[in-house]
Each structure stands twice: as structure tokens, then as C-alpha cells.
Amino acid sequence: ESGVGSFWAPTGSGSTVGIETTSSLVQSSEYAHTGTMSGKLTLNASDDATPGWLARIYDPAPHHVLPNDRLGMWVMSMNPGIQFRFEMKDIGAGGDSHYEGGPWFDLNGTPGEWQFVSFDMINDTYTGFVNSDGSFSSTDFVGMTGLQFQSTTNDTAIIYIDDISEYPAESQTVYNDFETD
């Protein structure tokens, strides 16, 4: 709970389209899944986005994850119509430096409701990004190089992220800890 790490500003990546330079990622005490702080991502849509936007929150110092594990985090979107996925790079021993995306998750857009999203690198289907080849060839680790959010509307979005962690891979491909009863 000490800042937002080495993530770039939302408009720092050349892959980001459709958001204003006033967009930000900051540490916030407004909401937290665990502890007292989370990352608050404010994505201010451009008026000229045709239609929608893609925000790549790039991390130039990627966290190493075992290539047969699962990466997960808690996310709360204050707006409907937002999707999320993890971005990984095959940078370990034997890796080919290709980028791979995890599956896209629809965020529920309900203030106060946290969702768990994950990328099971054994059981989930990879989604292409940049130079993707659909697999990891690294034998020791891959790098989490970014968080990607997208929308098909030109609406501004506020999203909170918390507890990015590595877990053992599971047989299920979509994992969501939040249930409404």
C-alpha cells in the first residue's frame, strides 16, 4: 500500500487510444478490497473517440510470474460497459518476447461491488496483443507488463484495482469471487 508501483500514466503507452491526457492512475483511500488503499484509475474519454477507447496501463518493470500459474486481482468499475484483461510478455528463459493477453472480462460496473479477475496461464485461452503467437515458451517466468481496459462507448470511467497476486493455476477458466444473493 505504497503507491502504484512502476505503472505508467494511462496515456503513456502508444497502444492507448481514445482517452485524454488528464486520465490518471493514483493511490486512493476511497475504496479498498484489502487494507486501506487501492489504485484509482480515471479514464477520461476523448470526445473524438470513434467510438470507444483502449487504455494500456504499461509496467516497464514487469512482475515475474510462473508460466504455469494464475495471475489475479480485485477490480471495481464504477461504470458499466468496461472490459479488462492482463497483458503478459514471454521474457523468461527460452521466451520469444511476444506479448500475450489474457481473456477479456466484462466488469459489472456496480459501485461498491468488487470482482475477482484472473488469467490462468495453463487453462485460459490467450487473446492476441501486438506480436502474439498464442503461447508462452519461457520455462521459468513470464512478465506481467500491463493492465488493459476497453470500452465501446465514449464515457469516462473510474476503476479501482487492488491485490494483484499470483495463484496456483486452476481447472476453471473464469473465476469470480463476487456473488450477489
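In the block above lies the structure referred to throughout.
Bear in mind the structure is a predicted one, so any value in this text is a computation, not a measurement.

Asks: Tell me what's going on with the overall build of the protein chain, and back it up with residues and numbers.
Replies: Scanning the protein chain for helices and strands turns up zero helices and 11 strands. When its helices and strands are written in sequence order, the protein chain yields β-β-β-β-β-β-β-β-β-β-β. For the protein chain, the C-alpha radius of gyration of 16 Å lies close to 16 Å, the compact-globule estimate for 181 residues. Dimensions of the protein chain, computed from the C-alpha atoms along their principal axes, are close to 40 × 40 × 30 Å. Counting all 181 residues of the protein chain, 46% fall into the buried class. When contacts within the protein chain are restricted to residue pairs at least 6 apart in sequence, long-range pairs at least 24 apart make up 78% of them. Counting every atom, the protein chain has about 8100 Å² of accessible surface; 49% of that belongs to carbon and sulfur. Both charge centroids of the protein chain, one from 5 positive and one from 25 negative side chains, sit 6 Å from each other.

Asks: Can you break down the packing of aromatic side chains residue by residue, with the values?
Replies: Each aromatic ring pair is summarised here by two numbers: the centre-to-centre distance and the angle between the ring planes. What the rule picks out here adds up to nine aromatic pairs. Judged by centre distance (4.9 Å) and plane angle (80°), the rings of Phe84 and Phe86 are edge-to-face. With respect to burial, Phe84 and Phe86 carry one shared label: buried. Here Tyr99 and Phe129 contribute two aromatic rings whose centre-to-centre distance is 6.0 Å and whose plane-to-plane angle is 90°, an arrangement assigned as edge-to-face. One end of the pair, Tyr99, is in strand E6 (residues 99-101); the other, Phe129, is in the loop between strand E9 (127-128) and strand E10 (142-151), and 30 residues separate them in sequence. Assigned by exposure class, Tyr99 and Phe129 land together as buried. Chaining the aromatic ring pairs together yields one cluster made of Trp74, Phe116 and Tyr167. It is Arg56 that lies over the ring of Tyr99; its NZ or CZ is 5.3 Å from the centre.

Asks: Report on the sheet that holds strand E2 (residues 38-43), specifying residues and quantitative values.
Replies: The pairing of strands in a sheet happens through backbone hydrogen bonds and is either parallel or antiparallel. Strand order in the open sheet formed by five strands is E1-E2-E11-E4-E8, with antiparallel pairing between adjacent strands. Of all strands in the sheet, those with a lone pairing partner are strand E1 (24-28) and strand E8 (115-120), marking the two edges. In this sheet, adjacent strand axes meet at a mean angle of 30° when their direction is disregarded.

Asks: Let's hear about the environment of Glu20: which residues, and what values?
Replies: Relative to the assigned elements, Glu20 resides in the segment before E1. On the accessibility criterion, Glu20 (33% relative accessible area) is partly exposed. C-alpha separation for the pair Glu20 and Val4, spaced 16 residues apart in sequence, amounts to 20 Å. Polar side-chain contacts of Glu20 include one of 3.5 Å to the side chain of Ser46.

Asks: Break down the pattern of salt bridges for me, with residues and values.
Replies: Summed over the entire model, instances satisfying the criterion amount to two salt bridges. Among the ionic pairs, Glu30 bridges to Lys40, the shortest N-O distance being 3.2 Å. Residue Glu30 is located in the loop between E1 and E2, and its partner Lys40 is located in strand E2; the two are separated by 10 residues in the primary sequence. With a relative accessible area of 47%, Glu30 lands in the partly exposed category. Residue Lys40 is classed as buried on the basis of its relative accessible area, which comes to 17%. The shortest N-O distance in the salt bridge between Arg56 and Glu87 comes to 2.7 Å. Separated by 31 residues along the polypeptide, Arg56 in strand E3 (residues 53-65) and Glu87 in strand E5 (residues 82-89) bring together distant segments of the chain. Classification of Glu87 by relative accessible area gives buried; the value is 0%.

Calculation rules
Residues numbered from 1 in each chain as written. Predicted model: local features only at pLDDT ≥ 70, side-chain atom pairs only at ≥ 80, totals over all residues. Heavy atoms only, no water. Helix = DSSP H or I, 4+ residues; strand = E, 2+ residues; numbered from the N terminus. Rg over C-alpha atoms; globule rule 2.2 N^0.38 Å. Buried < 20%, exposed > 50% of the residue type's maximum accessible area, 1.4 Å probe, protein only. Contact = heavy atoms within 4.5 Å. Areas by Shrake-Rupley, 256 points an atom, 1.4 Å probe, with all protein chains shown as cover. Lys, Arg positive; Asp, Glu negative; His and termini not counted. Charge placed at Lys NZ, Arg CZ, Asp CG, Glu CD. Phe/Tyr/Trp six-rings, centres within 6.5 Å; stacked < 30°, edge-to-face > 60°. Lys NZ or Arg CZ within 6 Å of the ring centre and 35° of its normal. Pairing = 2+ DSSP bridges. Axes fitted to C-alpha atoms, helices over the stretch in contact; angles between N-to-C directions. Polar contact = N/O pair within 3.5 Å; in protein donor to acceptor, adjacent residues only side chain to side chain. Salt bridge = Lys/Arg side-chain N within 4 Å of Asp/Glu carboxyl O.

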